[in-house]
Amino acid sequence: MIEDKVIIVTGASSGIGEATARLLARQGANIVLGARRDDKLKQIAVEIETNGGRAIYRQLDVTSQADNDAIVKLAKDTFGRIDAIFLNAGLMPNSPLSAMRTHEWHQMVDVNIKGVLNGVAAVLPAFTEQKSGHVIANSSVAGLKAYPGGAVYGGTKWFVKDFMEVLRMEAAQEGTNIRATTIYPAAINTELLGTISHAGMADAMQKTYDKYGIAPERIANVVAFAIDQPEDTTINEFTVGPANQPW
Ligand code: NDP
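Described below are features of the structure shown in this document. This structure is a prediction, so every number in the text was calculated from the model and none was measured.

A short note on helix α6 (residues 199-212)
Over its 14 residues, α6 runs 20 Å from end to end, which matches the ideal 20 Å to within 8%, given 1.5 Å per residue. If you check which residues of α6 are buried, you get Met201, Met205, Tyr209 and Tyr212. Projected down its long axis, α6 carries its buried residues within an arc of 80°, all on one side. Across from the buried face of α6, at angles greater than 90 degrees, the exposed residues are Ala199, Lys207, Asp210 and Lys211.

The following block contains the structure:
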């Protein structure tokens, strides 16, 4: 059931997060939008409300534990509880290692890994206590398959795969009923390529996305499907991409 669930979406200001927030709101969820660009969040929240949905927003930098804690508190204060979090915020400044973009390596670790840790730390006490909750995380096919230029990005997404699997296993062992779902998208047309500063890499990836990319609503559909399952059922993983992309 999605109706009336309280769901936080990180990275909700564009792309997959925005599409997912809009879809879940249409299906009756109470949505809490988080990202750094709060002007975009405000616009999305207003549109959701105009269309009869329920959405609030808060500026969120996922690298800050305090920000993650604050958005969970906002969800509880406004809607009375928290049922699910979609850990979606991420960036992909791919480059060859020899280009030595070490600042970007650390940025990816901070957002794609530590952002996930901070989000889980923010919801886990409530989920454990209420013996229910759903953590959905956006990994990538880059978390399943290595490719040149994606050493650090892929590493951060492999981390998500491992972390989410252990979260699922421990929740099962501990009887907390916390559901854990990991999504592995392939080429999805969003603002993600805008995070690539290496010209050659940006060019090559743009060509791939021009050839294969599909809409972020495709990922929103599977997030909604996972949340919609009965509480005793976990959909553990989804790999989703363009039908014509060989990955
Ligand atoms: P977008 O660039 O459109 O969205 C990324 C979102 O992350 C934005 O809302 C951005 O908002 C947010 N974000 C970035 N840094 C931070 C931060 N420090 N704190 C909070 N929010 C942040 O790209 P996508 O929709 O494609 O990306 C969403 C996720 O999907 C990412 O984790 C990405 O790795 C993953 N993915 C995407 C694929 C694709 O082909 N598009 C394929 C596989 C995985 P703001 O700038 O306002 O903070």
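Comments concerning the packing of aromatic side chains
Inspection of every chain in the model, using the stated rule, returns two aromatic pairs. Here the aromatic rings of Phe159 and Phe163 are separated by 5.5 Å at their centres, their planes lie at 25°, and the arrangement is stacked. With Phe159 and Phe163 both in helix α5 (residues 151-174) and four residues apart, this pair spans about one turn of that helix. Residue class for Phe159 comes out partly exposed when judged on its relative accessible area of 25%.

Overview of the site of the ligand
Neighbouring residues of the ligand: 29 residues in total, closest Ser13, Arg36, Tyr153, Thr190 and Tyr209. A distance of 2.7 Å is found between an oxygen atom of the ligand and a side-chain nitrogen or oxygen belonging to Arg36. Asn138 is positioned such that a nitrogen or oxygen atom in its side chain is 3.0 Å from an oxygen atom of the ligand. Considered on its own, the ligand offers 870 Å² of accessible surface; in the complex 96% of this is hidden by protein. Contributions of two or more residues to the shell around the ligand are made by α1 (15-26) and α5.

Calculation rules
- Residues numbered from 1 in each chain as written.
- Predicted model: local features only at pLDDT ≥ 70, side-chain atom pairs only at ≥ 80, totals over all residues.
- Heavy atoms only, no water.
- Helix = DSSP H or I, 4+ residues; strand = E, 2+ residues; numbered from the N terminus.
- Expected span 1.5 Å × (residues − 1).
- Buried < 20%, exposed > 50% of the residue type's maximum accessible area, 1.4 Å probe, protein only.
- Arc of directions from axis to C-beta.
- Phe/Tyr/Trp six-rings, centres within 6.5 Å; stacked < 30°, edge-to-face > 60°.
- Near = heavy atom within 4 Å.
- Polar contact = N/O pair within 3.5 Å; in protein donor to acceptor, adjacent residues only side chain to side chain.
- Areas by Shrake-Rupley, 256 points an atom, 1.4 Å probe, with all protein chains shown as cover.

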